[in-house]
Amino acid sequence: MRMDGACFNHFPQAFPRGRGGWCKLEGVTKLFLPQTQLEEWALADKADLREGRLVVMAEGGVAFPLTPAVHFVQLVSGEDTQGLVARVKTEEQLARLGAEQMADSVLVGDNAYEVVPGYVAEVAAGAPRPEGADKKPDSEADLLAAFILNKMG
């Protein structure tokens, strides 16, 4: 997956279609979290969505701000002239494109796309940890990344 202005990497083997993805920028970590994954975590009392924040229960209720977004999975009709397939767009970016979202579909002009609804979580990245450190993660970014990798792996 690619995020505009970001290095949103796509690892199909680690994140099957619609399962999420990550991007680490200088000082910031961005994660796309599909709505279905958040629902699974909520049902298992592992995490919850409250007032626009992801609350991770396993880490004592650490909360991360979320922005509604979609991951463009495939073009259904038309031409992908804007290169949206495999990108993540927030609701604000969709509005700027003049896009209309309907459940798991987005229309941009005459083009129709299959999308995965979800959220982008953005947390400040912590300082790099020394090699071989088996301690508890140092930052919120480390906590969220560890939670995602443990639960999605």
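Reading the values: the criteria
- Residues numbered from 1 in each chain as written.
- Predicted model: local features only at pLDDT ≥ 70, side-chain atom pairs only at ≥ 80, totals over all residues.
- Heavy atoms only, no water.
- Buried < 20%, exposed > 50% of the residue type's maximum accessible area, 1.4 Å probe, protein only.
- Helix = DSSP H or I, 4+ residues; strand = E, 2+ residues; numbered from the N terminus.
- Pairing = 2+ DSSP bridges.
- Arc of directions from axis to C-beta.
- Salt bridge = Lys/Arg side-chain N within 4 Å of Asp/Glu carboxyl O.
- Core = buried A, V, L, I, M, F, W, Y, C linked by side-chain atoms within 4.5 Å.
- Contact = heavy atoms within 4.5 Å.
- pLDDT = per-residue confidence, 0-100.
- Phe/Tyr/Trp six-rings, centres within 6.5 Å; stacked < 30°, edge-to-face > 60°.

### Description of the pairing of strand E9 (residues 105-108)
Of the two faces of E9, the one holding Val106 and Val108 is buried and the one holding Ser105 and Leu107 is not buried anywhere. Examined bridge by bridge, strand E8 (residues 100-102) and E9 share three bridges and lie antiparallel to one another. In the strand pairing of E9, Met102 is matched with Ser105. Between E8 and E9, which pair antiparallel and follow one another directly, the connecting turn spans two residues, one of which, Ala103, has a positive phi of 55 degrees.

### A short note on helix H1 (residues 35-43)
Inspection of H1 places Gln37, Leu38 and Trp41 among the buried residues, and these make up the whole buried set. Down the axis, H1 shows its buried residues gathered within 100 degrees of arc, on one side only. Among the residues trailing H1, Asp45 stands out with phi positive, at a value near 55 degrees.

### A look at unusual backbone geometry
Even without being a glycine, Asp45 presents a positive backbone phi close to 55 degrees. Take Asp45: it is sitting in the loop between H1 and strand E4 (47-50). You can call Asp45 exposed: its relative accessible area is 60%. A positive phi is found at Ala86, a non-glycine position, where the angle reads about 75 degrees.

### Looking at the pattern of salt bridges
With the rule as written, the count across this model stands at two salt bridges. A salt bridge links Glu92 to Arg96; the shortest N-O distance between them is 2.8 Å. Here Arg96 and Glu92 lie together in helix H2 (residues 91-97), a separation of four residues that amounts to about one turn.

### Looking at the nonpolar core
By size, the foremost hydrophobic cluster in this structure holds 14 residues, and its most contacted members are Leu33, Leu38, Trp41, Leu54, Phe64, Leu66 and Leu144. When contributions to this core are tallied by element, the ones reaching two or more residues are strand E3 (28-34), H1, strand E5 (53-56), strand E6 (62-77) and strand E10 (111-124). Not counting residues up to four positions away in its chain, the partners in contact with Leu38 are Leu33, Leu54, Leu66 and Tyr119. Core analysis: the second largest hydrophobic core is formed by nine residues, Phe72, Leu94, Tyr113 and Val115 among them.

### Considering the environment of Thr81
Mapped onto the elements of the fold, Thr81 is located in the loop between E6 and strand E7 (87-90). Since its relative accessible area comes to 63%, Thr81 is described here as exposed. As for Thr81 and Asn111, which are separated by 30 residues in sequence, their C-alpha atoms are 9.1 Å apart.

### A few points about the confidence of the model for the protein chain
For the protein chain, the mean per-residue pLDDT works out to 76, and 63% of the residues sit at or above 70. Element-level pLDDT for the protein chain is lowest in strand E1 (residues 2-3), with a mean of 42, against a maximum mean of 98 in E9. Low pLDDT (under 50) marks residues 1-19, which in the prediction has 49 contacts with non-local residues, meaning those over four places away or in another chain. Low pLDDT, under 50, characterises residues 127-135; the stretch is placed with six contacts to residues that sit more than four places away or in other chains.

### Things to note about the packing of aromatic side chains
As enumerated under the stated definition, the model contains one aromatic pair in all. Ring centres 5.1 Å apart and planes at 90 degrees place the aromatic pair Phe72 and Tyr113 in the edge-to-face group. With Phe72 in strand E6 and Tyr113 in strand E10, the pair connects residues that are 41 residues apart, well separated along the chain. Residue classification places Phe72 among the buried positions, given a relative accessible area of 0%.

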